[in-house]
Amino acid sequence: MTPQRKVIITCAVTGAVHTPSMSPHLPITPEQIAESSIAAAEAGAAIIHLHARDPVTGKPDQRPEAFTPFLGVIKKGCDAIVNLTTGGSPYMTVQERMQPAKVLKPEVASMNMGTMNFGLFPMLKRFKEFKHDWERPYLEGSKDLVFRNTFGDLETVLAELSVNDTRFEFECYDTSHLYNLAHFVERGLVKAPFFVQTVFGILGGIGTHPDDVMHMKRTADRLFGDDYRWSVLGAGNSQMKIAAMAAAMGGNVRVGLEDSLWIGRGKLATSNAEQVRRVRGILEGLGLEIATPAEAREILQLKGVERVAF
Ligand code: KMH
Ligand code: ZN
């Protein structure tokens, strides 16, 4: 990994892991998603990772039309890089999951690098009351859920999005996912510099121990050398610890309410911007500088905002 002079902060503003009853601060409507994204960008996030939800029920919605109402507002309101999910929710098909990025041609789209279990059900221990019918079965159902990302699926996503020069946030939840990525690099389907988001603390993926972080970094260093740019995402209460650890080793960081609802022990974050400000404080405390969107575009060699389709 080439250590960078500046650190890229990604903010994942709503996601599909948490449900509306878990926090009144989780952005749901297009207005809330747009407002929260712009505030996160103003706080220092260079990349905004986006999912969409039904404005009434808060259920993940992967129709491109669900994204367009907030994308225009975000584009007008800040110069942050928009990163669209192709993960959607683990309940959706890959074809469904790919549609927003295919139609809207963002600078960056996420890509989940392997089939895995994706256990959301442990959250039922903490959250017991739900406002919407879909929330409890959504969490319970994850016991028997397979988050499908076969080699065929990955090939399809790579092929169909690369034609638009969309680049990827390669989400790697375990060491095998790094090897899957290495396979596509070897076949010439992924070009340097590529952005590797190592994900810690999802039940079904690697844990959150410092040894886990080191192991993912060492493996990525060995497989990719200087060809990759490293970022980390710690789920739940590991978010800031993992960000600090990786930043101290030259990595980039991702925060946001998609990954954690918290800002301290038992204390809900009141906004995405609050988490961005917190991680920014950690980074600056370590003597690191924050990358602007323009600098992040250069580091990741992105096509530029003028070439998106929204
Ligand atoms: N929710 C994160 C653990 C995606 O959108 O492609 C991973 C994620 C997946 O962001
Ligand atoms: Zn996501």
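First, a word on what this report is: a plain description of the structure on this page.

Parameters and conventions
- Residues numbered from 1 in each chain as written.
- Chains lettered and ligands numbered in written order.
- Predicted model: local features only at pLDDT ≥ 70, side-chain atom pairs only at ≥ 80, totals over all residues.
- Heavy atoms only, no water.
- Helix = DSSP H or I, 4+ residues; strand = E, 2+ residues; numbered from the N terminus.
- Polar contact = N/O pair within 3.5 Å; in protein donor to acceptor, adjacent residues only side chain to side chain.
- Donors = N, O, S within 2.8 Å, 3.2 Å for Na, K, Ca; no water.
- Buried < 20%, exposed > 50% of the residue type's maximum accessible area, 1.4 Å probe, protein only.
- Axes fitted to C-alpha atoms, helices over the stretch in contact; angles between N-to-C directions.
- Parallel < 35°, antiparallel > 145°, perpendicular 65-115°, else oblique.
- Left-handed = near helix turned anticlockwise from the far one by under 90°.
- Contact = heavy atoms within 4.5 Å.
- Nonpolar A, V, L, I, M, F, W, Y, C, P; charged D, E, K, R; others polar.
- Pairing = 2+ DSSP bridges.
- Near = heavy atom within 4 Å.
- Areas by Shrake-Rupley, 256 points an atom, 1.4 Å probe, with all protein chains shown as cover.
- Phe/Tyr/Trp six-rings, centres within 6.5 Å; stacked < 30°, edge-to-face > 60°.
- Lys NZ or Arg CZ within 6 Å of the ring centre and 35° of its normal.

What follows concerns the environment of R63. Tracing the backbone through its elements, the reader meets R63 in the loop between β3 (47-50) and α2 (64-77). Along the backbone, R63 and R53 are ten residues apart, and their C-alpha atoms lie at a distance of 9.4 Å. One polar contact links R63 to D61, side chain to side chain, over a distance of 2.8 Å.

Bringing the coordination of the zinc ion (ligand 2) into the picture now. Only H49 (NE2), H51 (NE2) and E258 (OE) from the protein coordinate the zinc ion (ligand 2), and they sit 2.1 Å from it. Here the donor residues of the zinc ion (ligand 2) share one chain and are spaced in sequence as H-x1-H-x206-E. Remark: E258 occurs in the loop between β11 (252-255) and β12 (262-264) and H51 occurs in the loop between β3 and α2; sequence separation between them is 207 residues. Overall, the relative accessible area of 5% leaves H51 in the buried class.

With that settled, consider the packing of helix α6 (residues 175-186) against helix α7 (residues 210-224). Where α6 contacts α7, the two axes come as close as 10 Å, and the packing angle between them is 15°. The orientation of α6 with respect to α7, classified from their angle, is roughly parallel. Once α6 is placed against α7, the crossing between them reads as right-handed. Counted together, T175, L178, Y179, L181, A182 and V185 of α6 and H215, M216, T219, A220, R222, L223 and F224 of α7 form the full contact between these two elements. Split into classes, the residues belonging to the contact of α6 with α7 amount to nine nonpolar, three polar and one charged.

What follows deals with the sheet that holds strand β5 (residues 108-112). Two strands in a sheet stick together by hydrogen bonds in their backbones, pointing the same way (parallel) or opposite ways (antiparallel). On the basis of which strands lie adjacent, the closed barrel formed by eight strands has the order β2-β3-β4-β5-β8-β9-β10-β11 and parallel pairing. Strand-to-strand twist in this sheet, taken as the mean axis angle between neighbours without regard to direction, amounts to 25°. Of the pairings in the sheet, the one linking β3 to strand β4 (residues 81-84) comprises four bridges and is parallel in character. For I48, the partnering residue across the bridge sits in β4 and is V82.

What follows concerns the pairing of strand β2 (residues 9-12). Side chains I9 and C11 of β2 all project onto a buried face; the interleaved residues T10 and A12 project onto the opposite face, where all are buried too. The sheet contact formed by β2 and β11 spans three bridges and is parallel. Directly across from I9, in β11, lies its bridge partner V253. Pairing between β2 and β3: three bridges, direction parallel. Residue pairing for β3: T10 is matched across the bridge by I47.

Here we come to the site of ligand 1. Taken together, V17, H49, H51, T85, G87, S110, N112, E171, Y173, I202, R254 and E258 make up the full set of residues near ligand 1. Measuring from an oxygen atom of ligand 1, one finds a backbone N or O atom of G87 at 3.2 Å. Between ligand 1 and E171 there is a distance of 3.2 Å, counted from an oxygen atom to a side-chain nitrogen or oxygen. Taken by itself ligand 1 offers 300 Å² of open surface, and the protein chains cover 96% of this. Taken together, the residues of the shell around ligand 1 sort by class into three nonpolar, six polar and three charged.

Going through the model one piece at a time under the given rule, you end up with ten aromatic pairs. On the basis of an interplanar angle of 70° and a centroid distance of 6.0 Å, the ring pair of F118 and Y173 is categorised as edge-to-face. Of this pair, F118 sits in the loop between β6 (116-117) and α4 (135-140) while Y173 is found in the loop between β8 (167-172) and α6, placing the two residues 55 residues apart along the sequence. Residue class for F118 comes out buried when judged on its relative accessible area of 7%. Classification of Y173 by relative accessible area gives buried; the value is 6%. Of the aromatic side chains, those joined through ring pairs into one cluster are F168, F170, F194, F224 and Y228. Here the basic side chain of K75 rests over the ring of F310, its NZ or CZ set 5.7 Å away from the ring centre. The ring of F121 has K143 sitting right over it, with the charged end atom 5.2 Å from the ring centre.

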